[in-house]
Amino acid sequence: MRQTIGALLAFVVVAGCQVIEQPAPFTSTPAIVDARAEAAIINVLTEQSLAWNRADIPAFMEYYWKDEKLRFASGGNVVRGWQGTLDRYLARYSTPEQMGHLEFSELEVEALASDAAIVHGRWKLTRNADTPSGLFTLVFRNFGDGWVIISDTTTSG
(Lines give C-alpha, C1' and ligand atoms only; values in the text may rest on other atoms or scores of the structure.)
Protein backbone atom coordinates (compact mmCIF):
# COMPACT_ATOMS: atom_id res chain seq x y z
CA MET A 1 0.00 0.00 0.00
CA ARG A 2 2.82 2.42 0.89
CA GLN A 3 4.52 1.71 -2.44
CA THR A 4 1.29 2.51 -4.28
CA ILE A 5 0.84 5.80 -2.41
CA GLY A 6 4.51 6.67 -3.00
CA ALA A 7 4.22 5.95 -6.71
CA LEU A 8 1.04 8.02 -6.91
CA LEU A 9 2.71 10.96 -5.13
CA ALA A 10 5.73 10.73 -7.42
CA PHE A 11 3.40 10.70 -10.45
CA VAL A 12 1.56 13.79 -9.16
CA VAL A 13 4.84 15.66 -8.64
CA VAL A 14 6.18 14.66 -12.07
CA ALA A 15 2.90 15.65 -13.71
CA GLY A 16 3.29 19.19 -12.39
CA CYS A 17 0.97 18.66 -9.45
CA GLN A 18 -1.95 17.95 -11.76
CA VAL A 19 -3.91 14.85 -10.91
CA ILE A 20 -4.44 12.94 -14.10
CA GLU A 21 -7.17 10.37 -13.78
CA GLN A 22 -6.37 7.04 -15.35
CA PRO A 23 -9.24 4.87 -16.56
CA ALA A 24 -9.96 1.85 -14.45
CA PRO A 25 -8.31 -1.25 -15.88
CA PHE A 26 -10.56 -3.44 -17.99
CA THR A 27 -11.09 -6.45 -15.80
CA SER A 28 -13.56 -8.63 -17.66
CA THR A 29 -12.49 -10.67 -20.62
CA PRO A 30 -14.66 -11.32 -23.64
CA ALA A 31 -16.13 -14.78 -23.84
CA ILE A 32 -14.24 -17.09 -26.14
CA VAL A 33 -16.10 -19.48 -28.38
CA ASP A 34 -14.53 -22.83 -27.74
CA ALA A 35 -13.76 -24.92 -30.78
CA ARG A 36 -16.60 -27.39 -30.12
CA ALA A 37 -19.23 -24.64 -29.79
CA GLU A 38 -17.99 -22.89 -32.91
CA ALA A 39 -17.99 -26.17 -34.84
CA ALA A 40 -21.53 -26.93 -33.64
CA ILE A 41 -22.76 -23.48 -34.75
CA ILE A 42 -21.05 -23.81 -38.14
CA ASN A 43 -22.64 -27.26 -38.43
CA VAL A 44 -26.08 -25.71 -37.87
CA LEU A 45 -25.47 -23.32 -40.77
CA THR A 46 -24.17 -26.16 -42.94
CA GLU A 47 -27.25 -28.28 -42.18
CA GLN A 48 -29.49 -25.29 -42.91
CA SER A 49 -27.91 -24.69 -46.30
CA LEU A 50 -28.17 -28.39 -47.16
CA ALA A 51 -31.87 -28.39 -46.22
CA TRP A 52 -32.47 -25.21 -48.21
CA ASN A 53 -30.71 -26.58 -51.26
CA ARG A 54 -32.94 -29.65 -51.29
CA ALA A 55 -35.98 -27.28 -51.01
CA ASP A 56 -36.86 -28.51 -47.51
CA ILE A 57 -37.95 -25.40 -45.60
CA PRO A 58 -39.28 -27.34 -42.56
CA ALA A 59 -35.83 -28.98 -42.14
CA PHE A 60 -34.18 -25.56 -42.59
CA MET A 61 -36.43 -24.25 -39.79
CA GLU A 62 -35.40 -27.03 -37.37
CA TYR A 63 -32.50 -24.83 -36.28
CA TYR A 64 -34.66 -21.90 -35.24
CA TRP A 65 -35.91 -21.60 -31.67
CA LYS A 66 -39.39 -23.12 -31.46
CA ASP A 67 -40.78 -20.30 -29.36
CA GLU A 68 -43.01 -17.28 -29.82
CA LYS A 69 -40.07 -15.08 -28.80
CA LEU A 70 -38.09 -15.98 -31.95
CA ARG A 71 -37.39 -12.77 -33.88
CA PHE A 72 -36.88 -12.64 -37.65
CA ALA A 73 -36.21 -9.26 -39.26
CA SER A 74 -35.87 -8.72 -43.01
CA GLY A 75 -36.97 -6.19 -45.59
CA GLY A 76 -37.99 -3.67 -42.94
CA ASN A 77 -40.40 -6.14 -41.30
CA VAL A 78 -40.22 -8.15 -38.10
CA VAL A 79 -41.89 -11.54 -37.70
CA ARG A 80 -42.26 -13.04 -34.24
CA GLY A 81 -42.43 -16.71 -33.42
CA TRP A 82 -41.35 -19.93 -35.04
CA GLN A 83 -44.63 -20.56 -36.86
CA GLY A 84 -44.76 -17.02 -38.24
CA THR A 85 -41.21 -17.35 -39.52
CA LEU A 86 -41.98 -20.72 -41.13
CA ASP A 87 -45.10 -19.27 -42.75
CA ARG A 88 -43.09 -16.34 -44.12
CA TYR A 89 -40.50 -18.64 -45.67
CA LEU A 90 -43.17 -20.91 -47.17
CA ALA A 91 -45.04 -17.97 -48.71
CA ARG A 92 -41.92 -16.24 -50.05
CA TYR A 93 -40.18 -19.37 -51.36
CA SER A 94 -42.99 -21.62 -52.53
CA THR A 95 -41.01 -23.40 -55.28
CA PRO A 96 -37.49 -24.82 -55.57
CA GLU A 97 -36.85 -22.29 -58.36
CA GLN A 98 -37.61 -19.40 -55.98
CA MET A 99 -35.36 -20.95 -53.35
CA GLY A 100 -32.36 -21.40 -55.63
CA HIS A 101 -29.02 -22.54 -54.25
CA LEU A 102 -28.02 -21.02 -50.87
CA GLU A 103 -24.45 -20.31 -49.84
CA PHE A 104 -23.13 -18.77 -46.61
CA SER A 105 -19.71 -17.11 -46.47
CA GLU A 106 -17.53 -14.79 -44.39
CA LEU A 107 -18.80 -16.32 -41.15
CA GLU A 108 -17.68 -14.67 -37.91
CA VAL A 109 -18.66 -16.45 -34.70
CA GLU A 110 -18.30 -14.57 -31.41
CA ALA A 111 -19.31 -15.80 -27.98
CA LEU A 112 -21.58 -13.65 -25.88
CA ALA A 113 -21.62 -16.16 -23.00
CA SER A 114 -21.04 -19.88 -22.61
CA ASP A 115 -24.55 -20.51 -23.95
CA ALA A 116 -24.91 -17.60 -26.39
CA ALA A 117 -23.13 -16.48 -29.55
CA ILE A 118 -23.56 -14.05 -32.40
CA VAL A 119 -22.77 -14.91 -36.00
CA HIS A 120 -22.21 -12.39 -38.79
CA GLY A 121 -21.98 -13.49 -42.39
CA ARG A 122 -23.04 -13.20 -46.01
CA TRP A 123 -25.72 -15.15 -47.83
CA LYS A 124 -26.20 -15.63 -51.55
CA LEU A 125 -28.93 -17.33 -53.57
CA THR A 126 -28.10 -18.51 -57.04
CA ARG A 127 -31.23 -18.79 -59.16
CA ASN A 128 -31.89 -19.00 -62.89
CA ALA A 129 -33.16 -15.41 -63.11
CA ASP A 130 -30.98 -13.62 -60.52
CA THR A 131 -28.46 -13.86 -57.69
CA PRO A 132 -29.74 -12.01 -54.63
CA SER A 133 -27.34 -11.66 -51.71
CA GLY A 134 -26.83 -9.79 -48.48
CA LEU A 135 -25.70 -9.87 -44.89
CA PHE A 136 -27.07 -11.54 -41.80
CA THR A 137 -26.66 -11.39 -38.05
CA LEU A 138 -27.81 -14.41 -36.07
CA VAL A 139 -28.05 -14.71 -32.31
CA PHE A 140 -27.63 -18.30 -31.16
CA ARG A 141 -28.46 -19.83 -27.79
CA ASN A 142 -27.83 -23.27 -26.41
CA PHE A 143 -30.60 -24.24 -24.01
CA GLY A 144 -28.95 -27.59 -23.28
CA ASP A 145 -30.07 -29.54 -26.33
CA GLY A 146 -28.02 -27.85 -29.05
CA TRP A 147 -27.56 -24.45 -30.63
CA VAL A 148 -30.61 -22.68 -32.07
CA ILE A 149 -31.17 -19.31 -33.70
CA ILE A 150 -33.21 -17.01 -31.44
CA SER A 151 -32.87 -13.86 -33.58
CA ASP A 152 -32.20 -13.47 -37.31
CA THR A 153 -31.65 -10.12 -38.98
CA THR A 154 -31.11 -10.49 -42.72
CA THR A 155 -30.48 -7.71 -45.20
CA SER A 156 -30.34 -7.64 -48.98
CA GLY A 157 -27.44 -6.05 -50.78
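Our subject in this report is the structure included herewith. (Residues numbered from 1 in each chain as written. Predicted model: local features only at pLDDT ≥ 70, side-chain atom pairs only at ≥ 80, totals over all residues. Heavy atoms only, no water.)

1. Digging into the pairing of strand 5 (residues 133–142)
Examined bridge by bridge, strand 4 (residues 116–126) and strand 5 share nine bridges and lie antiparallel to one another. Across the sheet, the residue bridging to R122 is L135, located in strand 5. From the end of strand 4 to the start of strand 5, which pair antiparallel, there are six residues. Here strand 5 pairs with strand 6 (residues 147–156) via nine bridges, running antiparallel. (Pairing = 2+ DSSP bridges. Helix = DSSP H or I, 4+ residues; strand = E, 2+ residues; numbered from the N terminus.)

2. Focus on the environment of S49
In this structure, S49 sits in helix 2 (residues 35–53). When its relative accessible area of 13% is taken as the criterion, S49 is described as buried. Distance from S49 to H101, taken between C-alpha atoms, is 8.3 Å for residues 52 residues apart in sequence. Other than its neighbours up to four places away in sequence, S49 contacts L102 and F104. Reaching out from S49, the side chain makes a polar contact with the backbone oxygen of T46 at a distance of 2.9 Å. (Buried < 20%, exposed > 50% of the residue type's maximum accessible area, 1.4 Å probe, protein only. Contact = heavy atoms within 4.5 Å. Polar contact = N/O pair within 3.5 Å; in protein donor to acceptor, adjacent residues only side chain to side chain.)

3. Focus on helix 2
Look at helix 2: 27 Å from first C-alpha to last across 19 residues, which is about the 27 Å you get at 1.5 Å a residue. Of all the residues in helix 2, the buried ones are A37, I41, V44, L45, Q48, S49, A51 and W52. Projected down its long axis, helix 2 carries its buried residues within an arc of 165°, all on one side. The exposed set on the far side of helix 2, more than 90 degrees from its buried face, consists of A35 and R36. (Expected span 1.5 Å × (residues − 1). Arc of directions from axis to C-beta.)

4. Some details on the pairing of strand 4
Judged from the 10 bridges that link them, strand 3 (residues 101–113) and strand 4 form a sheet pairing that is antiparallel. What sits directly across from S105, in strand 4, is R122. Counting the residues between successive antiparallel strands, the hairpin from strand 3 to strand 4 contains two residues.

5. A closer look at unusual backbone geometry
Backbone geometry follows two general trends: most residues other than glycine have a negative phi, and most peptide bonds adopt the trans configuration. Its identity as a non-glycine residue notwithstanding, A55 has a phi of 60°, on the positive side. Checked against the element boundaries, A55 lands in the loop between helix 2 and helix 3 (57–61).

6. Side note on the environment of Q48
Tracing the sequence through the fold places Q48 in helix 2. A relative accessible area of 1% means that Q48 is categorised as buried. Counting along the chain gives 54 residues from Q48 to L102, while the straight-line C-alpha distance between them is 9.1 Å. Apart from the residues within four sequence positions on either side, Q48 is in contact with F60, Y63, Y64 and I149.

7. As for the sheet that holds strand 6
Ordered in space as 2-1-6-5-4-3, the six strands form an open sheet in which the pairing is mixed. Every interior strand has two partners, whereas the edge strands, strand 2 (77–80) and strand 3, have only one. Across the sheet, the mean angle separating the axes of adjacent strands is 20° when strand polarity is ignored. Across the face of the sheet, helix 2 comes into contact with strand 3, strand 4, strand 5 and strand 6 while running at roughly 155° to strand 3. (Axes fitted to C-alpha atoms, helices over the stretch in contact; angles between N-to-C directions.)

8. A few points about the pattern of salt bridges
For the structure shown, the criterion picks out five salt bridges. With a closest N to O distance of 3.1 Å, E62 and K66 form a salt bridge. When its relative accessible area of 42% is taken as the criterion, E62 is described as partly exposed. Under the relative-accessibility criterion, K66 is labelled partly exposed at 48%. Between R127 and D130 there is a salt bridge whose closest N-O contact spans 2.8 Å. (Salt bridge = Lys/Arg side-chain N within 4 Å of Asp/Glu carboxyl O.)

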